[in-house]
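# What the coordinates show
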Amino acid sequence: MTGANRLGRAVVVAAVLFTVACGRRGAAGAAAVPAAAPVTASSAVSISADARLLEMVDQRRPDTALVDRLLADTSAARRARTALAIGQARIRLRYPRLRALLVDGDTAIAANAAYAIGIARDYEAVPSLARAVMGAPDAVAREAAWALGEVGEMGREAIVSALGNGAPNAVTRSPVAARAPAVRAALVLATFKLREAPIAAVTPWLQDPAPEVVRAAAYVVARLRAPAGVRALFAVAAYNDEEVRQYAARAFARSAAGDSLGGRAREALRILLRDESERVRINAAQSAASYGPLMADAVDSLWNDPARNVRVALAEAYAEAAGRDAARWQRAWDADTLLAVRRALLSHLRRSQLPLVAGVEAEWAGRADWRYRVAALGGGDPGSMLDSALARRLLADADPRVRREARARLGERDTTVSARPPRSSVPIPRALEEYERLVERYWRTPTRPRAFIDTDQGTITIELFAHDAPLVVEAFTRLAREGKYRNTIFHRVVPNFVVQDGDIAGGDGAPEPPFSLRESWSRRRHGRGCLGLATAGPDTGGSQYYLCHSTQPHLDGGYTVFGQVVDGFDVMDRIVRGDRMLQVRVP
C-alpha cells in the first residue's frame, strides 16, 4: 500500500469512527464513569450549584459528585462550564468524560471539553482529539488541534500526519486541506509546542490561500527562528497581512538567516524598516541591528520614526549595530530625548565603557521627576564606583521608589513594608455566599462590564470578560473602585509584545493585595489588545495586568485573558516604559 493510500484510508477510518461516536452521543470512552440520569431544571439549576462549581475551581478541590451532577444538568451552558472546570481543576478521574464530550451534540460543550483536555495535557485523549480534528464541527476541531499541541510529543504523529507530512501539495491534498482556515491554522500553530518543531511540515502552509493559515505558519518559523524555514518566508515578506510581515521581519535576524541567507535577509529588512506598520518596523529594527555595522546606516533612519516604541526597540538593540563607533552613538543620543530611549542607550554606553555623555547620571539624579532619579541608577553595573556613589546619595531621597532602587543597587535588604515575599499560590478561602454573589453578578446577566485606563497618553477602553473569568474581573474592578489603581507607572513595556502595569505596591509603602488569584483559563486567546493577568508563577495572580501589542499564541493556556481593548489601540501603542497610569475607572 502506498503512503498516499494509507493516509487516505486513515482519514476514512477516522471519519467513520467519529460519525459512529457522534451517533452514540458520547458513549465512547465513558464506561469508566457511569453517566448520571438527567435531572430536572428545578433540582439542578441553582445559584448554589454554580457557586460550588466556581469554588471548586478556585480552591482546586475536586468534587466528582458535583461534576457528575452538573454534567447531567438540563442547561447546556452549565454543562459547558463543568467540562471546562474538569480541566481547570485537573480532575483526572473525569478525563474520560471529557473525551466522551468531544462528540457532544452541543458545540460549546464539545469545544470546552477539547480545550480542557489541552490544559490538562491528557495524553490518553490523543486518538479522540485526532478524530475531532478530522470530523468535528469547526469550533471543536480548532480546540482539538490546539489541545494536540498542548499534549506535546504524544500528539506529534497526529499533528504531522494531518498536516500532510511535509508534502509539497499538503495545502490541497492533506487530511485537513478541506477543513476551515481556523482549524488548519490551529493545527499549524500546534507544531511549535513540540520538542523539535517539524518545520518541513509547516512551510508548505505558507502557500495556503487563507491569511489566517499563512499567519500561523509564519509565526511558527519566526517564533523558533528556525533556519530551515527562513528561505520559505522570503515569498511572504511583502504579504498583504501585517502580522505575516511582522513574523517575516523577526525571522530574518542573523541568528536564523545565517551567512548563506544573510544577504537576502538584509535586503528584505531594508524594505520592512519602511513598512507602514510600526509593529513590523519594530521587529525589523531588532533583526536588522543583529547584522551589526552592515545595517547601521539603515537602522539609523529610524531615529526619526514617529512611533515611540520603534525608537525604544532600536535603542535596546543598538549596541549590535553601532559597536564602538562613538560618533554614531553621539548622533543617536542627540537624536532622541525620550527617557525610555536614552535610558537604554545609557546602559549600553556604560557597559561598553565609551567615554560619552559624561555626567548625565549626576544630572538625572538631581531632576525633579523621580523617574529620572531611578534611571540614574541604571546606567552602570550594580556595584560600580559611579553607581554606588549615586546610590548612596539617593538613599535619603524623598521618594520611596528611588530609595528602594538605591538600596537594591547597593545590595541592601529592603526592610520597608513594601518589601515583598514570593507570592503564595494558595487563594484565600471565601464563604460560599461570596461565590453566589459572583454567580448572580456575572453568570446570570448578559452584560459585559467596561473599564477605562486613563494614562498620560490618553484613555484605553476595555471590555471585561466577566463570564469567562469572574474571580479575576471581580478583583480587578474592586481594586479600581477602591482607588488602588492610581498614579502608577507602566513598569514593563516590551515593544510589540506587552504593556504591563498594576504594581500598586510601587515602593510607596502600600501593600500588594492580600490575595492570590488562580488562573481562569478559557478559550479566549492572546490577540492584539487582550487584557491578561500577570503572574509570578502558576496561580500567583494579584493586581498586575498586561495588554498585548500583537498576537501571542505561545501565551494561550498559560495565562488568563480577562478583557479586550475596544478603543484606544493608538494609546496602547504609544505607551513606553515609565509612562504614567493615572487611574482605572469602572462605572
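Higher on the page you've got the structure.
Our subject in this report is the structure included herewith. For clarity, every value in this text was computed on a predicted model and none was experimentally measured. (Residues numbered from 1 in each chain as written. Predicted model: local features only at pLDDT ≥ 70, side-chain atom pairs only at ≥ 80, totals over all residues. Heavy atoms only, no water.)

## Topic: the sheet that holds strand 8 (residues 561-567)
By way of backbone hydrogen bonds, the strands of a sheet pair with one another, either parallel or antiparallel. Within the open sheet, the nine strands sit side by side as 3-9-1-2-8-6-7-5-4. Their pairing is antiparallel. The open sheet terminates on both sides in strands that have one partner only, identified here as strand 3 (486-489) and strand 4 (492-494). When strand polarity is set aside, the average angle formed by the axes of neighbouring strands in this sheet is 25°. (Pairing = 2+ DSSP bridges. Helix = DSSP H or I, 4+ residues; strand = E, 2+ residues; numbered from the N terminus. Axes fitted to C-alpha atoms, helices over the stretch in contact; angles between N-to-C directions.)

## Structural notes on the pairing of strand 9 (residues 580-585)
Across four bridges, the pairing between strand 1 (residues 450-455) and strand 9 is antiparallel. Directly across from Ile-453, in strand 9, lies its bridge partner Val-584. Relative to strand 9, strand 3 runs antiparallel, the two sharing three bridges. Of the residues in strand 9, the one forming a bridge with Arg-486 is Gln-583.

## With respect to the packing of helix 22 (residues 326-335) against helix 23 (residues 339-352)
Relative orientation of the contacting elements helix 22 and helix 23 amounts to 160°, with a least axis distance of 10 Å. In terms of axis orientation, helix 22 runs roughly antiparallel to helix 23. Helix-helix and strand crossings are classified by hand; for helix 22 and helix 23 the assignment is left-handed. Two secondary-structure elements touch here, helix 22 through Trp-329, Ala-332, Trp-333 and Asp-334 and helix 23 through Arg-342, Leu-345, Leu-346, His-348 and Leu-349. (Parallel < 35°, antiparallel > 145°, perpendicular 65-115°, else oblique. Left-handed = near helix turned anticlockwise from the far one by under 90°. Contact = heavy atoms within 4.5 Å.)

## Some details on the packing of helix 3 (residues 47-59) against helix 28 (residues 432-443)
Following both chains from N to C, one finds helix 3 and helix 28 inclined at 110°, their axes separated by 8 Å at the closest point. In terms of orientation, helix 3 lies roughly perpendicular with respect to helix 28. Taking contact as the criterion, the partners of Ile-47, Ser-48, Asp-50, Ala-51, Arg-52, Leu-54, Glu-55, Asp-58 and Gln-59 in helix 3 are, on helix 28, Leu-432, Tyr-435, Glu-436, Leu-438, Val-439, Glu-440 and Trp-443. Here the residues of the contact of helix 3 with helix 28 sort into eight nonpolar, two polar and six charged. (Nonpolar A, V, L, I, M, F, W, Y, C, P; charged D, E, K, R; others polar.)

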